[in-house]
Structure formats: structure tokens, C-alpha cells
Amino acid sequence: MTVVDNVIYVDGARAASPPTLEATFGLLREHGGMAWLGLYRPDAAEVRAVAQEFDLHELAEEDTNKAHQRPKLERYGHTLFTVLRPARYVDSTEKVEFGELHVFTGPSFVVTVRHAESPDLGEVRRRLEREPHMLRLGPEAVLYAILDQVVDEYAPVAAGLENDIDEIEDELFSSDPTVSRRIYELSREVIAFQRATHPLLPILENLEQGFDRYGVDIELQHKLRDVHDHALRIVERADSFRALLQNALLVNATLVAQQQNDETRRLTEASYLQSEQVKRISSWAAILFAPTLIGTIYGMNFRHMPELAWVLGYPLALLGMVVMGTVLYLVFKRHRWL
């Protein structure tokens, strides 16, 4: 059922709970009071029926049917149209779920249209019914209570995000390869949280500017200002979360760059050591090659070879081997290959 609750209040007390919207419209016209209709993802026909009965503006009706609106406050004659983005923190997935709530407040009615599970408007209704003096103040009091509930539900979200940021700060220096992705995902949630909370400040400021013009009760003025203070603190916390995540991302990038530099340095050192080993091996190979060349030439058993009958040929060949090897050793030593 899209109609979650359908009540008429008279003098701050629940006077009737009509079974249908048509019955509500009839009783409201006959006996007066204030109607509070709670709708959950209604279809276009139900929105059209409510819009025709309470003379809601067609643009507000269109926004309600389409949903996916940014938080805002618009006035159409004697009707206020408020869009809020409630949120809740899901511990099991460590994610933030955002909803959407549309509130129409007129001289004798309140229509709430939820497009998600939050906020808990049932709790708002029960709290107000325990305070008849607040319900006597009319639709403005209901709007205040809804704003108060939405802002109160932001507090656990802020606490959950703060805990996630603390965990990220602990993981930064643990070389966890998934920390970059988690920082990015958490940054997206914080940005979405900012988009939900930042518009609350101008919404509440616009309501405060209409206190004198529309004769808002003084007690209600105090309560709305209190909600404004709470919303301001939430907005400041959200802003600080984004700054912390930007710093965490910068630190993570620095650590990754440092790790890459260390790895590059280790590879360079290893390459340098390999190069030195190759130099030594090549130097000794060259030193050994010279005597081997002479020995190879004289090791060819041809009958007619020069110096075969020369008495000094053998010692001179040995001397040549030693001299060539020594010269090559000194050259390589001078160039620090050995």
C-alpha cells in the first residue's frame, strides 16, 4: 500500500483515521482540522488526486512523480514544497544509503511522500502525538519535526563515515593495495553526503526569514533555530571529512611514489652490480684470451711453420703471453673494471 498513514488531527489530537483518501478529503472539508497523509512511492494517479484536492502546483507534482530531486524549499502560494535527502549508515556493508522525501505543507494539511525507507516518519508522528501542544501549532510544527528527524538521522551517518576515515588512516602505512580504491569510494560517499546536507542550511534560513511574515509561534522558532545549529555542525563535519580524505589521498600518493622510487633504486642497484660482474668476467676473459690465442696458433700441428726450429721461440711465446696478460690487466684495472 502506498498510503502508509492517513490521519486527521483536531486541536492537537488524532480525530480520525479514514480508510481512503476520498474519505479524508470529505472529513477535512466537513469538520476542519489538519490532515497528515503519509505516502510511500505513490503512483501518478494518487499524486494527481492529492494535488487536485489540495491545489498543489503542477511543477511540484511533476517533481514528486519523477523524484531524484536535489534538496530545496519552494513556495507556491500558501503551500510549501520541501525536498530532503535523508540518509542512513548500513553497518553490514559500511555504506551510506540516501533516500528522498517530499513534504507538502499547506494551511490545513501535510503530505509526505517517501521514495526510500528513511527517515522514520512513524517515529516523528508518535513523538508529535505525545506532544499535543506542538500539533496544535499546525503544519509548520510537522515540518519542523520532520526536519529535526532528518538532521538527527545524519548523526549516525557522520559517525560511521568518521570511523571509516579512521580505519583508512590506519591502513595508509600498512601497504594495503586496496586503500586507494577505498579512499576514492569513501570520497564519493562524503560528496553525496555534502550534497544532501549543504542545502539544508539555506532551507532553514529561508524558513527563519519567514518567521515574522507568517507569524510562526515563538517556541517553534526556537526549535527550528536549534535544528539549524545541528545541521550546521553536520555540514562542518562533512566538510572536514572531505578535507581529511583529500589529505589521505595525497599521503597515499606520496607513499606509492616513494615505494616506486625505492623499487626503482633497488632495480638500479641490482643492475649496477650485474654490470660490475659482467665487467670483471669480460676483463678476465680478455686477459685469458691473449695467451690462448698464441697457444692456439702454435698448437696447430703444421709441418712448415715459422720459428718452429727457433730455440728462443718457446720462451718468447711464454713471455708474450705474460706481457699481453699483464698489459690487459693493468688497462682494465686502470678503468676500474677489476
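Residues numbered from 1 in each chain as written. Predicted model: local features only at pLDDT ≥ 70, side-chain atom pairs only at ≥ 80, totals over all residues. Heavy atoms only, no water.

- The name that an unreviewed UniProt entry assigns to the protein is Magnesium and cobalt transport protein CorA, with the source organism given as Georgenia yuyongxinii.
- According to its UniProt record, the protein has this under Function (unreviewed entry): "Mediates influx of magnesium ions. Alternates between open and closed states. Activated by low cytoplasmic Mg(2+) levels. Inactive when cytoplasmic Mg(2+) levels are high."
- A UniProt comment under Catalytic activity (unreviewed entry) is attached to the protein, and it reads "Mg(2+)(in) = Mg(2+)(out)". (UniProt positions renumbered as here; feature names shortened; annotations may be inferred.)

### With respect to the packing of aromatic side chains
Then comes step 1: If you walk through the whole model with that rule in mind, you get five aromatic pairs.
Then comes step 2: Between Tyr-9 and Trp-36, the ring centres sit 6.4 Å apart and the planes meet at 45°, which makes this aromatic pair tilted. Of this pair, Tyr-9 sits in strand E1 (residues 3–10) while Trp-36 is found in strand E3 (residues 34–40), placing the two residues 27 residues apart along the sequence.
Then comes step 3: Here Tyr-9 falls in the buried class, since its relative accessible area comes to 3%.
Then comes step 4: Overall, Trp-36 belongs to the buried group, its relative accessible area being 1%.
Then comes step 5: Judged by centre distance (4.7 Å) and plane angle (25°), the ring pair of Phe-81 and Phe-104 falls under stacked. With Phe-81 in strand E5 (residues 79–84) and Phe-104 in strand E8 (residues 101–105), this residue pair connects regions lying 23 residues apart in the sequence. Residues Phe-81 and Phe-104 agree in their burial class; the two are buried. (Phe/Tyr/Trp six-rings, centres within 6.5 Å; stacked < 30°, edge-to-face > 60°. Helix = DSSP H or I, 4+ residues; strand = E, 2+ residues; numbered from the N terminus. Buried < 20%, exposed > 50% of the residue type's maximum accessible area, 1.4 Å probe, protein only.)

### Re the pattern of salt bridges
Then comes step 1: Counting across every chain of the model gives 19 salt bridges.
Then comes step 2: We note a salt bridge from Arg-29 to Glu-53, for which the minimum N-O separation is 2.5 Å. Here the residue Arg-29 occupies a position in helix H1 (residues 21–31), and Glu-53 occupies one in helix H2 (residues 44–54), the gap between them amounting to 24 residues.
Then comes step 3: The class of Arg-29 is exposed, set by a relative accessible area of 57%.
Then comes step 4: Take Glu-53: its relative accessible area is 27%, and that puts it in the partly exposed class.
Then comes step 5: A salt bridge links Glu-185 to Lys-95; its shortest N-O distance comes to 3.5 Å. One end of the pair, Glu-185, is in helix H7 (residues 179–197); the other, Lys-95, is in strand E7 (residues 95–98), with 90 residues separating them in the sequence.
Then comes step 6: Connected through shared salt-bridge partners, Asp-5, Arg-14, Arg-125 and Glu-129 make up one network. (Salt bridge = Lys/Arg side-chain N within 4 Å of Asp/Glu carboxyl O.)

### A look at the environment of Gly-12
Then comes step 1: Its location among the elements puts Gly-12 in the loop between E1 and strand E2 (13–16).
Then comes step 2: Sequence separation between Gly-12 and Val-256 is 244 residues; the distance between their C-alpha atoms is 62 Å.
Then comes step 3: Contacts of Gly-12, omitting those with residues within four sequence positions, involve Pro-132, Leu-135 and Arg-136. (Contact = heavy atoms within 4.5 Å.)

### Things to note about empty space enclosed by the protein
Then comes step 1: Summed over all chains, the structure comprises two cavities of 30 Å³ or more.
Then comes step 2: In this structure, the largest cavity is lined by Leu-39, Val-47, Val-50, Leu-56, Glu-61, Thr-64, Phe-104, Val-111 and Val-113.
Then comes step 3: Taken together, the elements giving at least two residues each to the lining of the largest cavity come down to H2, helix H3 (58–66) and strand E9 (109–114).
Then comes step 4: Within the lining of the largest cavity, the residues separate by chemical class into seven nonpolar, one polar and one charged.
Then comes step 5: Each pocket or cavity is described by its volume, and for the second largest cavity that value is around 30 Å³.
Then comes step 6: Lining the second largest cavity are Asp-55, Leu-56, His-57, Ala-60, Tyr-76, Thr-79, Leu-80, Phe-81 and Phe-104.
Then comes step 7: No other element matches the three residues that E5 contributes to the lining of the second largest cavity. (1 Å grid on protein atoms, 1.4 Å probe; cavity = no way out; pocket = protein on both sides within 12 Å on 5 of 7 lines; lining within 4 Å. Points joined across faces, edges and corners; volume = space filled by probe spheres on them. Nonpolar A, V, L, I, M, F, W, Y, C, P; charged D, E, K, R; others polar.)

### Focus on the layout of surface pockets
Then comes step 1: Empty space within the largest pocket amounts to approximately 420 Å³.
Then comes step 2: Forming the walls of the largest pocket are 20 residues, and the residues nearest its centre are Arg-75, Leu-80, Glu-140, Leu-207 and Tyr-214.
Then comes step 3: Within the residue set of the lining of the largest pocket, elements represented by two or more residues are strand E4 (72–76), helix H6 (139–171) and helix H8 (200–209).
Then comes step 4: For the lining of the largest pocket, the element with the highest residue contribution is H6, accounting for four residues.
Then comes step 5: Grouping the amino acids of the lining of the largest pocket by side-chain chemistry returns 11 nonpolar, five polar and four charged.
Then comes step 6: Of the volumes computed, that of the second largest pocket is approximately 180 Å³.
Then comes step 7: Around the second largest pocket, the lining residues are His-68, Gln-69, Arg-70, Pro-71, Arg-85, Phe-98, Arg-188, Ile-191, Ala-192, Arg-195 and Ala-196.

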